[in-house]
Amino acid sequence: MSGAIAEGWREYRRSPVAVVALLVVLAIVALALLAPWIAPQDPYDQAGLDLFDARLPPGEVGSGGYVHWLGTDNAGRDLLSAILYGLRLSLMISVSAGTVALVLGTAIGLSAAYYGGWFGALAMRVVDLQLSLPAILLALVLVAMLGQGVPQLMAALVAAQYAYFARTAYGAASAERRKDYIEAALSTPLSGRRVLLRHLLPNTLPPLIVVVTVQIATAISLEATLSFLGLGLPITRPSLGLLISNGFQFLLSGRYWISVYPGITLMVTVLAINLVGDQLRQVLNPKHRR
Amino acid sequence: MSELLRIERASKRFRQPVPLGDRLAAWLGRPRPPRAVQAVTDVSLTVARGEVVGLVGESGCGKSTLGRMVAGIYTPSEGAVLFEGAPVMPGGHKRSPRVQMIHQDPFASLDPRMKVGETVAEGPVAHGIVSRAGADALVAETLRRVGLDPALRNRYPHQFSGGQRQRVAIARALALNPALLVLDEPVASLDVSIQAQVLNLFMDLREAAAGGSGLTSLFISHDLGVVRHVSDRVAIMYLGRIVELAPTRTLYAAPAHPYTRALLDSVPRLGQGRGVFHPIAGELPSPLAPPPGCHFHPRCPHAGPRCRVEAPALLPVAPGQSAACHLHHGGTAAAATA
């Protein structure tokens with residue numbers, strides 16, 4: 001197994017851009033994880049905020065006596081700290097929601113394709129029905145029903161996103177299901193579980209990995225939208241998306257930094273994740289190897 | 001020779017799913033289109049231990065469907081496929097790895113994401129033929145048997161040529177120590193030069209096995225030349241039915257069924273110069289709507305009135321040779337009165 005990983009890494013290295021993107025993703029994850037130790041201020045500590053520090057431009061020294069490298073927002077939060085904490089929150093929510101949605105959606109899509117029949121038809125009609133609704137609408141309704149908070153938000157994101165994984169997994173798996181190697185495995189005979197997990201699943205993964213990257217990015221923006229609409233996370237604990245929407249009203253008054261810096265962070269994060277996903281697709285598809 | 005495989009009056013129908021639009025049209029009164037494809041009709045055949053039976057026919061004649069019923073991929077709609085006296089698919093599920101199949105296209109029949117060594121080892125380990133620890137030795141030995149370097153086991157199928165892949169597919173089947181191999185056009189998708197290699201490998205394996213357990217096989221092909229090379233007996237199929245069954249030598253020397261004769265005539269031969277080919281007149285009818293009576297009568301030069309109404313049974317015409325043709329059993333002129 002370690003041999004396969006080394007082999008994969010050799011293949012991954014072929015694209016310098018992807019290597020840089022991977023470093024960026026790792027750096028972002030590290031920054032997010034280490035936020036409580038490296039941020040100059042705890043942005044969640046309401047008592048530590050001073051309204052006289054509100055909307056300071058980047059580089060000014062506030063009442064805390066330290067430089068606000070990225071300025072402050074309208075509540076007087078140090079933006080650098082808020083971005084680090086927001087990144088932590090956004091990544092945590094979107095990655096865990098994306099992972100749960102991936103597992104759930106893949107399980108539904110694969111078994112629908114493999115077993116077919118009325119079960120497959122019913123499962124995929126439910127998925128189709130759900131895909132016909134905008135994800136944001138579904139998430140809105142769920143958050144409104146479940147209430148605010150991180151677990152509720154994650155549940156809403158999973159419910160809004162698993163259908164994309166289910167549809168992609170179903171499409172890829174039903175194309176693979178008809179191929180001779182599945183027939184050969186079944187006629188060996190190997191158990192249905194083995195054929196499903198050892199043959200069908202690995203051949204269905206590459207498109208799913210691309211979907212994961214897109215969906216993590218979508219989850220970040222979905223979460224931001226919900227927060228913007230006042231249904232996501234409380235304003236005292238701003239995520240990346242909430243920071244952007246908070247600064248939106250000051251954008252035209254020259255206080256660009258409140259929206260722009262969280263925006264740049266979001267953009268770099270999403271771009272880097274997508275680049276890594278692209279290269280992973282190359283690595284996971286042996287046909288692309290030379 | 002003891003009997004290994006017995007196919008008893010097996011038939012296979014495939015029902016086509018009816019699209020919603022057609023169902024609506026039928027409900028509104030439009031006649032329903034035929035829904036079932038009769039791929040194999042009432043086929044009986046036995047294969048003895050150590051024997052190679054060739055199964056020949058045009059595309060769509062049901063030979064692959066018959067092979068898949070033997071290999072335990074399809075259950076017969078009617079009749080039975082018995083291997084060593086027991087159904088191949090008891091309760092609709094195949095349990096024993098004693099019958100193995102080689103697919104036509106080695107580019108599709110190997111899992112592209114599995115190293116060939118794992119592909120070969122998977123079946124034997126799953127069936128407890130070898131332990132996980134012993135699998136390496138079995139893989140090496142089996143790859144060597146099919147003429148591949150065991151060092152290639154860590155490669156993926158796309159790193160192999162078509163001929164090598166087919167060897168891997170053969171190794172996958174042999175590793176399970178099968179008593180019967182179903183070979184579904186095993187060389188049809190390979191280059192001619194590679195075809196010879198794979199056929200020779202197959203002949204070697206057969207010779208090597210002749211002393212021991214005996215490699216019995218059902219060799220499906222549309223290529224009469226290839227079948228003549230490898231088979232002891234040949235069954236000719238036309239539109240789901242066996243129309244002639246004979247020892248290879250007899251079949252090629254004295255074909256009894258007009259279809260067999262037509263097939264042999266249509267084979268281009270070397271040494272005929274700019275010879276004239278004799279294609280069979282007409283087209284293969286759709287198995288959705290086969291002609292009544294003898295299925296071959298619209299294309300048969302000897303067809304009479306009886307052929308249009310009565311399907312001939314496969315009956316002996318000479319020792320070891322059977323044909324399903326009225327010419328040999330009562331003539332084609334008058335419809336039989338029951």
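Only a predicted model underlies this, so the values are computations on that prediction, with no experimental measurement involved. (Residues numbered from 1 in each chain as written. Chains lettered and ligands numbered in written order. Predicted model: local features only at pLDDT ≥ 70, side-chain atom pairs only at ≥ 80, totals over all residues. Heavy atoms only, no water.)

*Asks:* Just checking my understanding: could you explain the overall build of chain B for this structure?
*Replies:* Assigned secondary structure in chain B consists of 10 helices and 12 strands. Taken over the C-alpha trace, chain B has a radius of gyration of 22 Å; the compact-globule value for 338 residues is 20 Å, and the two agree within 12%. Relative to its full complement of 338 residues, chain B shows a buried share of 50%. Put simply, chain B shows about 15700 Å² of open surface, and 54% of that area lies on carbon and sulfur atoms. Counting 36 positive and 26 negative side-chain charges, chain B places the averaged centre of each group 4 Å from the other. (Helix = DSSP H or I, 4+ residues; strand = E, 2+ residues; numbered from the N terminus. Rg over C-alpha atoms; globule rule 2.2 N^0.38 Å. Buried < 20%, exposed > 50% of the residue type's maximum accessible area, 1.4 Å probe, protein only. Areas by Shrake-Rupley, 256 points an atom, 1.4 Å probe, with all protein chains shown as cover. Lys, Arg positive; Asp, Glu negative; His and termini not counted. Charge placed at Lys NZ, Arg CZ, Asp CG, Glu CD.)

*Asks:* Explain a nonpolar patch on the surface here, please?
*Replies:* Residue and element names in this part refer to chain A. A cluster of nonpolar side chains, F228, L229, F248, L251, L252, Y256, V260, I264, M267 and V268, forms an exposed patch at the surface whose accessible area comes to about 1000 Å². With respect to the helices and strands, the residue L251 is situated in the loop between α9 (240-248) and α10 (257-284). The exposure class assigned to L251 is partly exposed, which follows from its relative accessible area of 33%. (Patch = residues over 30% accessible without salt bridge, like charges linked within 9 Å, V, L, I, M, F, W, Y side chains within 5 Å. Salt bridge = Lys/Arg side-chain N within 4 Å of Asp/Glu carboxyl O.)

*Asks:* I keep staring at the pattern of salt bridges and nothing clicks. Help me out?
*Replies:* Close approach of charged atoms allows side chains with opposite charge to pair. With the rule as written, the count across this model stands at 21 salt bridges over all chains. K63 of chain B is the partner of E185 of chain B in a salt bridge, and the nearest nitrogen-oxygen pair spans 3.5 Å. On the criterion of sequence distance, the pair formed by E185 of chain B in the loop between β7 (180-184) and α6 (192-210) and K63 of chain B in helix α2 (residues 63-70) is long-range, its members being 122 residues apart. Residue E185 of chain B is classed as buried on the basis of its relative accessible area of 7%. Linked through salt bridges whose partners overlap, the residues forming this network are R125, D128 and R167 of chain A.

*Asks:* Would you take a moment to explain the sheet that holds strand β2 (residues 36-48) of chain B for this structure?
*Replies:* By definition, the strands of a sheet pair up through backbone hydrogen bonds, in either a parallel or an antiparallel sense. All names here are of chain B. In space, the 4 strands of this open sheet follow the order β2-β1-β4-β5, with antiparallel pairing throughout. Looking at the sheet topology across the chains shown, the edges are occupied by β2 and β5 (86-87). Note that strand β4 (residues 78-83) and β5 share 2 bridges and pair antiparallel. Bridge pairing links L82 to P87 in β5. Strand contacts of α2: β1 (3-15), β2 and β4, with the helix running at about 120° to β1, the strand carrying the most contacts. (Pairing = 2+ DSSP bridges. Contact = heavy atoms within 4.5 Å. Axes fitted to C-alpha atoms, helices over the stretch in contact; angles between N-to-C directions.)

*Asks:* Any chance you could explain the interface of chain A and chain B here in plain terms?
*Replies:* How big an interface is tends to be reported as the loss of accessible area on association of its parts. Counting from both sides, the interface comprises 20 residues of chain A and, opposite them, 28 residues of chain B. Summing both partners gives a buried area of about 2000 Å² for chain A against chain B, and 51% of it is carried by carbon and sulfur. Seen at the junction of chain A and chain B, the total is 3 salt bridges. Those elements that place two or more of their residues in the side of chain A that touches chain B are α7 (180-187) and α8 (192-228) of chain A. In terms of residue class, the side of chain A that touches chain B is made up of 8 nonpolar, 5 polar and 7 charged. (Buried area = accessible area lost by both parts, 1.4 Å probe. Nonpolar A, V, L, I, M, F, W, Y, C, P; charged D, E, K, R; others polar.)

*Asks:* Can you help me understand the environment of R281 of chain A in this one?
*Replies:* Within the element layout of this structure, R281 of chain A appears in helix α10. Remark: the alpha-carbon pair of R281 of chain A and I38 of chain A, spanning 243 residues in sequence, is separated by 34 Å.

*Asks:* Please clarify how the environment of P87 of chain B should be interpreted in this entry.
*Replies:* Residue and element names in this part refer to chain B. Inspection of the secondary structure assignment puts P87 in strand β5. Here P87 falls in the partly exposed class, since its relative accessible area comes to 48%. C-alpha separation for the pair P87 and T75, spaced 12 residues apart in sequence, amounts to 9.7 Å. Those residues in contact with P87, other than ones at most four positions away along the chain, are V81 and L82.

*Asks:* Explanation requested: the packing of aromatic side chains in the structure shown.
*Replies:* By convention here, two paired aromatic rings are described through the distance between centres and the angle between planes. In total, this model carries 10 aromatic pairs over all chains according to the counting rule given. Between the aromatic rings of Y256 of chain A and W257 of chain A, the centroid separation amounts to 5.5 Å while the plane-to-plane angle is 85°, which identifies the pairing as edge-to-face. For W257 of chain A, a relative accessible area of 6% corresponds to the buried category. Consider the rings of Y259 of chain B and F296 of chain B, whose centres lie 5.0 Å apart with planes at 65°: the pair is edge-to-face. (Phe/Tyr/Trp six-rings, centres within 6.5 Å; stacked < 30°, edge-to-face > 60°.)

Interpretation note: all reported values are geometric properties and have no functional meaning in isolation.
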